[in-house]
Amino acid sequence: MLHIHGHRLRILVPGRILAREMKLPRVTFASFALAGALVTSAAPVSAAPVAADFYGAPVADLEAYAPGSIVRREPVPQLDVLGSHTERILYRSADPRDRAVAVSGLLVTPIRAWPGLGPRPVIAYAPGSYGVADRCSGSSQQGLATTMPALLPLLAQGYQVVTTDYQGLGTPGEYEFLGRTASARAVLDAARAAARETDAPVVLYGYSAGGVASAAAAELASTYAPDLSVVGAFVGAAPADPVVRVDGQDGSAWAATMLYTIDGLIGAHPERADRIRALFNDRGRAALDAAQDFCTTDALAYGSLRSEDLTADGSSLSTLMTGPVLGPLAEENTIGFTAPIAPVMIVHGVHDTSVEIEQSRLLEQRWRAAGAVDITVREFDFGTELVPEIDHTATNVAAYPEVVGWMDRLVARA
């Protein structure tokens, strides 16, 4: 359970403290309690239906716009929480082949004046995965159930928050699940959309699949978006190595989600689609086709899968992802071999059953080997007897006080 002692937060079970003490920043504990309750319950969010042409209508001369330019926007007053103004936006980005693409997201701006020095800081928020079908995008009616509650502690600090739906998720084109370049560019161009007029300090923020996007953006910021003032990146429970992720999901209740990676590679590399699909038997190809329309609960309902039953030669999917067809693509989408130039904070739950903690430990090792020097690592141990199935979500909520305090310090010295 959570206890407040003065201005410190402790996560307790009878007889012991499982996570270190964390000093609370100025944000109120009520915000964390509310965010935690809403994120874990995924309660419906009331929002007006989105016109399909907001996402799909072509943008004339998209190539002529600079990356990060907002090309379409509409207010979403139903989501104006904590004294903020919320807009759904469509902005220009570039896919891994440098072609102009339109990406959707949300831009949430507090109305009250920023109390700090300089322009209001921007949090470029990379949502976790709700699935790979267009209806799962974070700014859609379905995705809002988990997107908006997670933003509350950030908005309570007075930060402007911009989110991305990622390239091809909700908008035309292919969504490359956990694609390093595509997701990094989507996050960085969202930050440009928010900070272009003010040159505000930017903090990249992501958890789970969003942690991959945040980490990738931190690696590519200096080359793709040197105009941005990126002062830090929060990387929570990121499945940064696609081979390790697939191996961890294989045979689990969430095994269908391991197919997201393969579907994303097929979509991103149509010239290799036949070779990739040939690695699977009829059952495997049928599962790949079905997964293209999955949101989170669909994957769980699909049931447990073993990849050996889906592949043409009986190999595990993790084995195939180190082979000649998938291996080079997996390497392209592995995070950790380019050092971010800004400070990073890595957070993970020790007993996370959705993304094993090995992922974050490996990411830290790789970044340090690549020359990164400012890395803060926090591991949370709730005890498996307390929350054996929700450590992934619980860590995200429990980390907010320390993460927000860390971000406060970054933007204060920017």
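Residues numbered from 1 in each chain as written. Predicted model: local features only at pLDDT ≥ 70, side-chain atom pairs only at ≥ 80, totals over all residues. Heavy atoms only, no water.

Draft legend 1. The arrangement of the pattern of salt bridges in detail. This structure, assessed with the given rule, holds 19 salt bridges. A salt bridge links R135 to D298, with the nearest nitrogen and oxygen atoms 2.7 Å apart. Placement of the pair is R135 in the loop between β8 (122–126) and α3 (144–156) and D298 in helix α10 (residues 296–302), with a sequence separation of 163 residues. Classification of R135 as partly exposed rests on a relative accessible area of 34%. Residue classification places D298 among the partly exposed residues on the basis of a relative accessible area of 28%. Put simply, R285 and D282 hold a salt bridge, and the shortest N to O gap is 2.6 Å. Here the residue R285 and the residue D282 both occupy positions in helix α9 (residues 282–291), the gap between them amounting to three residues, near one helical turn. A relative accessible area of 25% places R285 in the partly exposed class. If you follow the salt bridges from partner to partner, you end up with R97, E271 and R272 in one network. (Salt bridge = Lys/Arg side-chain N within 4 Å of Asp/Glu carboxyl O. Helix = DSSP H or I, 4+ residues; strand = E, 2+ residues; numbered from the N terminus. Buried < 20%, exposed > 50% of the residue type's maximum accessible area, 1.4 Å probe, protein only.)

Draft legend 2. Representation of the packing of aromatic side chains in the model. The tally for this structure, following the rule as stated, stands at ten aromatic pairs. Pairing Y166 with Y175 gives two aromatic rings, centres 6.2 Å apart and planes at 20°, and the pair type is stacked. Overall, Y166 belongs to the buried group, its relative accessible area being 8%. Take Y175: its relative accessible area is 13%, and that puts it in the buried class. Plain terms: the ring middles of Y205 and F234 are 4.6 Å apart, the flat faces sit at 45° to each other, and that makes the pair tilted. Pair noted here: Y205 is in strand β10 (residues 201–207) and F234 is in strand β11 (residues 229–236), with a separation of 29 residues, a long-range link. One Lys or Arg, R192, reaches over the ring of Y224 and ends 5.0 Å from the middle of that ring. (Phe/Tyr/Trp six-rings, centres within 6.5 Å; stacked < 30°, edge-to-face > 60°. Lys NZ or Arg CZ within 6 Å of the ring centre and 35° of its normal.)

Draft legend 3. How the structure looks around empty space enclosed by the protein. This model, assessed by the stated rule, comprises four cavities of 30 Å³ or more. Its boundaries defined by the atoms lining it, the largest cavity holds a volume of some 80 Å³. Lining the largest cavity we find Y166, Q167, Y175, E176, L178, A182, S183, A209, V212 and A213. Among the residues forming the lining of the largest cavity, the class breakdown is seven nonpolar, two polar and one charged. Taken as a whole, the second largest cavity spans an internal volume of roughly 60 Å³. Forming the walls of the second largest cavity are 13 residues, and the residues nearest its centre are G128, Y130, G138, Y166 and L169. Considering only residue class, the lining of the second largest cavity consists of six nonpolar, six polar and one charged. (1 Å grid on protein atoms, 1.4 Å probe; cavity = no way out; pocket = protein on both sides within 12 Å on 5 of 7 lines; lining within 4 Å. Points joined across faces, edges and corners; volume = space filled by probe spheres on them. Nonpolar A, V, L, I, M, F, W, Y, C, P; charged D, E, K, R; others polar.)

Draft legend 4. Focus on the layout of surface pockets. Of the volumes computed, that of the second largest pocket is approximately 550 Å³. Lining of the second largest pocket is provided by 32 residues; of these, D95, R99, V101, Q167 and E174 occupy positions nearest its centre. Those elements that place two or more of their residues in the lining of the second largest pocket are α2 (52–56), β7 (100–110), α4 (180–195) and α7 (258–268). Grouping the constituent residues of the lining of the second largest pocket by class yields 15 nonpolar, ten polar and seven charged.

Draft legend 5. Seen up close, the environment of R283. Relative to the helices and strands, R283 resides in helix α9. Once the C-alpha coordinates of R283 and T311 are considered, the two residues, 28 residues apart in sequence, prove to be 8.4 Å apart. Non-local contacts of R283, meaning those with residues more than four positions away in its chain, are made with L305, D309 and L310. (Contact = heavy atoms within 4.5 Å.)

Draft legend 6. Summary view of the sheet that holds strand β12 (residues 344–349). Strand order in the open sheet formed by nine strands is β5-β6-β7-β9-β8-β10-β11-β12-β13, and the pairing between neighbours is mixed. Of all strands in the sheet, those bounded by a partner on one side alone are β5 (70–75) and β13 (375–380). Between one strand axis and the next, the sheet turns through 20° on average, direction left out of account. The pairing of β8 with strand β9 (residues 160–164) spans four bridges and is parallel. Paired with Y125 across the bridge in β9 is T163. Running over the sheet, helix α5 (residues 209–224) touches β6 (84–94), β8, β10 and β11 and is turned about 145° from β10. Against the sheet, helix α13 (residues 358–370) makes contact with β11, β12 and β13, and its axis sits at roughly 155° relative to β12, the strand it touches most. (Pairing = 2+ DSSP bridges. Axes fitted to C-alpha atoms, helices over the stretch in contact; angles between N-to-C directions.)

Draft legend 7. Fine view of the packing of α4 against α5. Orientation of α4 relative to α5, taken along the N-to-C sense of each, is 70°, at an axis distance of 8 Å. As far as their axial angle goes, α5 and α4 are roughly perpendicular. For the pair α4 and α5, the contacting residues are R180, T181, S183, A184, R185, V187, L188, D189 and R192 in the first and A213, A216, A217, E219, L220, A221 and Y224 in the second. When its residues are assigned to classes, the contact of α4 with α5 shows nine nonpolar, two polar and five charged. (Parallel < 35°, antiparallel > 145°, perpendicular 65-115°, else oblique.)

Draft legend 8. Main features of the confidence of the model for the protein chain. The predicted model of the protein chain has a mean per-residue pLDDT of 86, with 86% of residues at 70 or higher. Below a pLDDT of 50 lies the segment residues 1–49, which in the model reaches 101 contacts outside its immediate sequence neighbourhood of four places, other chains included. (pLDDT = per-residue confidence, 0-100.)

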